[in-house]
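Residue strings, one per chain:
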Amino acid sequence: MRYLSTRGHPERKQFCQILLEGLAPDGGLYLPEHYPQVDDATLTKWRGLRYADLAFEVLSLYIDDIPAADLKAICAKTYTEEVFGTPQIVPLRPLESGLYLEALSNGPTLAFKDMAMQLLGNLFEYELARRGEELNILGATSGDTGSAAEYAMRGKKGVRVFMTSPNGRMSPFQQAQMFSLQDENIHNIAVEGVFDDCQDIVKAVSNDLEFKRQYKIGTVNSINWARLMAQVVYYFAGYFQATTSNTEKVSFAVPSGNFGNVCAGHVARSMGLPIAKLVVATNENDVLDEFFRTGVYRVRGSADTHETSSPSMDISKASNFERFVFDLLGRDGARVKALFHDQLGSQGQFDLSADPAFQSAAQRYGFASGKSTHADRLATIRDTYERFGTMIDTHTADGVKVAREQMQPGVPMIVLETALPIKFAATIEEALGRSPDRPARFEGIEALPKRVLVVPADVAMIKRYIVENVH
Ligand SMILES: *Cc1c(COP(=O)(O)O)cnc(C)c1O
C-alpha cells in the first residue's frame with residue numbers, strides 16, 4: 001500500500017514514512033491510494049475475532065512495511081483487557097429498541113482518543129527503535145488529546161512529550177490526570193494564557209525549521225493517518241456486535257469536531273462494511289452540520305467559535321474534512337488544493353451546493369447530520385439516565401440526540417461513546433443534580449503530587465526548556 005496527498009503531490013510513500021510526519025509536503029493530508037475491499041467471506045472470518053486480532057487484520061491491509069509477526073505483537077500488546085477494562089474492548093450497550101452505545105472510553109484517560117493513541121505510542125516506539133532515532137513531541141491541548149498522548153507515550157523509549165496547556169483552564173480532573181504523571185519523558189507546560197496562545201507557541205517552534213530538525217520536534221495531531229486507521233477497527237467491532245449476518249446494515253452516530261472519528265467510519269464504509277448512515281453530530285459549533293445540510297463549508301473566526309459544555313467538539317474548522325472532500329470530488333487533488341488552499345485562504349469558505357457530487361453525497365456516502373445545544377445535552381443526559389439508568393457524557397449526549405432524529409426502522413443505530421461523564425462533572429451535576437460515578441482507579445487523583453512547569457506565553461523560554469530537557 002502506498003500513500004498519496006489530497007493536494008495532488010506526485011510522490012507516493014509507505015506507511016512508516018508517513019507515520020512520524022504531519023502534513024504532506026504540499027500541505028495536503030495523506031490517504032491510501034485505494035481502500036482495500038472486504039468481501040462477505042472476510043467479514044464472516046473476522047466476525048468471531050478478538051479485538052486485537054481484528055485490529056491486526058484491518059491494519060495489515062494498510063501496512064506492508066512492518067513484518068506481520070511484529071504488527072501482530074503490537075496489536076496484542078495495545079488492545080488488552082488490562083488497558084481497556086473489558087475483554088470485548090469496545091462493548092455495546094442497548095438503550096431503547098434499536099439504539100446502542102459503543103463504549104470507546106474505558107482506556108487510560110476515559111476518552112475515545114485512547115483507542116488510537118495507545119496504538120500510536122507502540123508504533124512510534126517500534127519505528128524509532130528500528131531507525132535508531134528519537135522524537136520530541138510538542139503539542140497544545142485543552143484536555144482530551146494531551147492526556148491521551150501522554151498516557152500513550154509515558155515510559156516509551158525514544159519519545160519525549162512536551163505538552164502545553166492553558167494554565168488553570170482545564171477541568172480539575174483533566175489537570176490531575178495529566179499533571180500527576182511522574183514519568184521522566186513527560187513534560188507538562190502550563191502556559192499563562194488561553195488555548196490559542198499554546199497553539200501559537202507550537203506553531204512558532206515548528207516554523208523554526210532549524211530548531212525543529214536539530215531537536216527532532218514532531219506532533220501527534222488528529223490528521224495523523226495512523227490514528228484514523230486505528231479508529232476504523234471499532235466500526236467493524238461495533239457492526240459485528242450489533243448483527244448476526246453480513247446481510248444486515250447498521251448506522252453510526254458520531255459526536256464530531258475535527259472529523260477524524262467519522263472519517264474513519266467513511267473509510268470503513270468505503271472498504272465494504274455494510275453501513276447505512278454515518279450521522280455527523282455537532283454541538284453549537286456546527287461547521288460540519290452546515291456543510292452536510294447546505295453544501296457550504298465555512299470556517300469560523302474565533303469570535304464565532306463557541307465555548308460549550310462539549311468542549312472537545314469546539315472547533316472553528318474540521319482538520320480531517322479535506323480527506324472526505326477528496327473522495328467526494330473523485331480524488332481530484334488539483335481541485336482540493338484550489339478549494340482548501342486558495343479559496344479557504346482568501347474567502348474562508350467554499351460552496352459545493354451546485355456540484356452533482358455534493359447532491360448525491362448522502363446517497364453515495366451515507367452521510368447525514370444534525371446539531372445539539374446545551375439545552376439538548378442536559379435533556380438527553382437526564383432522559384437517558386431516568387429511562388435506562390445509564391449516565392452519558394456531554395459529547396455522547398450530542399450523539400444520542402442527533403441519532404434519535406436519524407433512526408430508520410430495522411436498522412440498528414450505534415452511537416459512539418466518546419468520553420465518560422466523570423471528565424465533565426459540572427454539566428452532569430447541572431443535568432442530574434448529582435455527581436457522576438468515578439471509576440475506582442481515579443479515586444483521589446486531584447490530591448496526587450503534580451509535575452508541571454508554569455511559564456509565561458514566551459516562545460524563547462519554551463524552546464530553552466526543550467533544549468535543557470533533551471539529552
Ligand atoms: C476529540 C473528541 C471528539 C471529536 O472527535 P473528532 O475526531 O475530532 O471529530 C468528540 N468527543 C470527545 C470526547 C473527544 O475527545
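For the structure, check the block above.
Now for a look at the structure at hand. This is a predicted model, so every value here is computed, not measured.

Procedures and definitions
- Residues numbered from 1 in each chain as written.
- Predicted model: local features only at pLDDT ≥ 70, side-chain atom pairs only at ≥ 80, totals over all residues.
- Heavy atoms only, no water.
- Near = heavy atom within 4 Å.
- Polar contact = N/O pair within 3.5 Å; in protein donor to acceptor, adjacent residues only side chain to side chain.
- Nonpolar A, V, L, I, M, F, W, Y, C, P; charged D, E, K, R; others polar.
- 1 Å grid on protein atoms, 1.4 Å probe; cavity = no way out; pocket = protein on both sides within 12 Å on 5 of 7 lines; lining within 4 Å.
- Points joined across faces, edges and corners; volume = space filled by probe spheres on them.
- Helix = DSSP H or I, 4+ residues; strand = E, 2+ residues; numbered from the N terminus.
- Buried < 20%, exposed > 50% of the residue type's maximum accessible area, 1.4 Å probe, protein only.
- Pairing = 2+ DSSP bridges.
- Right-handed = clockwise from strand over helix to strand, strands pointing away.
- Axes fitted to C-alpha atoms, helices over the stretch in contact; angles between N-to-C directions.
- Contact = heavy atoms within 4.5 Å.
- Salt bridge = Lys/Arg side-chain N within 4 Å of Asp/Glu carboxyl O.

### Points about the site of the ligand
Alright, step 1. Close contacts around the ligand come from 15 residues, with Lys-113, Asp-144, Gly-257, Asn-258 and Asn-261 the closest.
Alright, step 2. Asn-258 is positioned with one of its backbone polar atoms (N or O) 2.8 Å from an oxygen atom of the ligand.
Alright, step 3. Asn-261 is positioned such that a nitrogen or oxygen atom in its backbone is 2.9 Å from an oxygen atom of the ligand.
Alright, step 4. Residues belonging to the shell around the ligand are distributed by class as follows: five nonpolar, eight polar and two charged.

### Notes on the layout of surface pockets
Alright, step 1. Considering only enclosed or pocket space, the second largest pocket measures out at about 170 Å³ in volume.
Alright, step 2. Lining the second largest pocket are Trp-46, Arg-47, Leu-49, Arg-50, Tyr-51, Leu-54, Pro-87, Gln-88, Val-90, Ala-237, Phe-240 and Gln-241.
Alright, step 3. For the lining of the second largest pocket, the elements supplying multiple residues, two or more each, are α2 (40–47), α3 (51–60) and α11 (225–242).
Alright, step 4. Looking at the lining of the second largest pocket element by element, the count peaks at three residues for α11.
Alright, step 5. Split by residue class, the lining of the second largest pocket holds eight nonpolar, two polar and two charged.

### Focus on the pairing of strand β5 (residues 135–140)
Alright, step 1. The buried count for β5 comes to five of six residues, which makes it a mostly enclosed element.
Alright, step 2. One ladder, built from six bridges, connects β5 with strand β6 (residues 159–166); its direction is parallel. Considered in β6, the bridge of Ala-140 is made with Thr-164.
Alright, step 3. Regarding topology, helix α7 (residues 144–153) serves as the crossover connection from β5 to the parallel β6, and that connection is right-handed.

### Observations regarding the environment of Gly-389
Alright, step 1. On the secondary structure map, Gly-389 appears in the loop between α18 (374–388) and α19 (394–405).
Alright, step 2. Along the chain, Gly-389 and Leu-95 lie 294 residues apart, while their C-alpha atoms are 9.5 Å from each other.

### Some remarks on empty space enclosed by the protein
Alright, step 1. What the rule picks out here adds up to two cavities of 30 Å³ or more.
Alright, step 2. Roughly 30 Å³ of volume is contained in the largest cavity.
Alright, step 3. What lines the largest cavity is Tyr-3, Leu-4, Ser-5, His-9, Glu-11, Lys-13, Ala-24, Pro-25 and Tyr-30.
Alright, step 4. With three residues, strand β1 (residues 3–5) is the single largest residue contributor to the lining of the largest cavity.
Alright, step 5. For the second largest cavity, the calculated volume is near 30 Å³.
Alright, step 6. Classifying every residue of the lining of the second largest cavity gives four nonpolar, two polar and two charged.

### Re the sheet that holds strand β14 (residues 413–417)
Alright, step 1. Here we have six strands laid out as an open sheet, ordered β3-β4-β14-β9-β10-β13, and mixed in their pairing. Only two strands of the sheet have a single partner each, and these edge strands are β3 (92–94) and β13 (367–371). Shown here is a sheet whose adjacent strand axes are inclined to one another by a mean of 25 degrees, direction ignored.
Alright, step 2. Pairing between strand β10 (residues 275–282) and β13: five bridges, direction parallel. Residue pairing across strands places Leu-278 opposite Phe-367, the latter belonging to β13.
Alright, step 3. Along the sheet, helix α13 (residues 287–294) makes contact with β10 and β13, crossing β13 at roughly 130 degrees.

### A few points about the pattern of salt bridges
Alright, step 1. A full pass over the atoms with the stated rule returns 31 salt bridges.
Alright, step 2. Between Lys-13 and Glu-21 there is a salt bridge, and its shortest N-O distance comes to 3.1 Å.
Alright, step 3. The salt bridge involving Arg-377 is made with Asp-398; its shortest N-O contact spans 2.8 Å. Here Arg-377, found in helix α18, pairs with Asp-398, found in helix α19; they are 21 residues apart in sequence, far enough to count as distant. For the pair formed by Arg-377 and Asp-398, the shared burial category is buried.
Alright, step 4. Overlapping salt bridges bring together Asp-286, Glu-290, Arg-298, Arg-300 and Lys-371 as one network.

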